Amino acid sequence: QVQLVESGGGLVQAGGSLRLSCVASGVTFSNYGMGWFRQAPRKEREFVAATSRSGGTYYADSAKGRFTISRDNAKSTVYLQMNTLKPEDTAVYYCAARRGPYYSSASAAYNYWGQGTQVTVSS
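To keep things clear, this report deals only with the structure shown in the data block. (Residues numbered from 1 in each chain as written. Predicted model: local features only at pLDDT ≥ 70, side-chain atom pairs only at ≥ 80, totals over all residues. Heavy atoms only, no water.)

### Quick notes on the environment of Glu6
Within the secondary structure, Glu6 is located in strand β1 (residues 3–7). What makes Glu6 buried here is its relative accessible area of 10%. Along the primary structure Glu6 and Asp72 are separated by 66 residues, whereas in three dimensions their C-alpha atoms are 15 Å apart. Once residues lying within four places of it in the same chain are set aside, the contact partners of Glu6 are Ser21, Cys22, Trp36, Tyr93, Tyr94, Cys95, Gly114, Gln115, Gly116 and Thr117. For Glu6, the side chain forms a polar contact with the main-chain nitrogen of Cys95, separated by 2.9 Å. A distance of 3.1 Å separates a polar atom in the side chain of Glu6 from the backbone nitrogen of Gln115. (Helix = DSSP H or I, 4+ residues; strand = E, 2+ residues; numbered from the N terminus. Buried < 20%, exposed > 50% of the residue type's maximum accessible area, 1.4 Å probe, protein only. Contact = heavy atoms within 4.5 Å. Polar contact = N/O pair within 3.5 Å; in protein donor to acceptor, adjacent residues only side chain to side chain.)

### Notes on the sheet that holds strand β7 (residues 67–72)
Strand order in the open sheet formed by 4 strands is β1-β3-β8-β7, with antiparallel pairing between adjacent strands. On the outer flanks of this sheet lie β1 and β7, each paired with one strand and no other. Each strand of the sheet is rotated relative to its neighbour by a mean of 15°, with strand direction disregarded. The pairing of β1 with strand β3 (residues 18–25) spans 5 bridges and is antiparallel. In the sheet register, Leu4 faces β3, and the bridge partner there is Ala24. (Pairing = 2+ DSSP bridges. Axes fitted to C-alpha atoms, helices over the stretch in contact; angles between N-to-C directions.)

Given below as structure tokens:
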């Protein structure tokens, strides 16, 4: 059974930082591309960042220069380091796993999803 479990969300002031983690089980993690998405209230889920199984990375424009995605295959974990947070970053953040070597910004390309972790940025 595949499980993705996110952690690290919380309440932070604008300008602060958070590090999200997502631990995968039930899959050979190194065979999967991984992504982070987010969904704010009354908005559609949107792409944030992704990494290929070889460690290549890709970011949404809103995340470039502030967020960093990384992975540790030995720990079956993908991270999202978020710096200089803004109130508009407030959302539930989800990690997702995609079979194959590449990353994708399309949510439909992902096979498995976590339950999400809430990030709230106060102004």
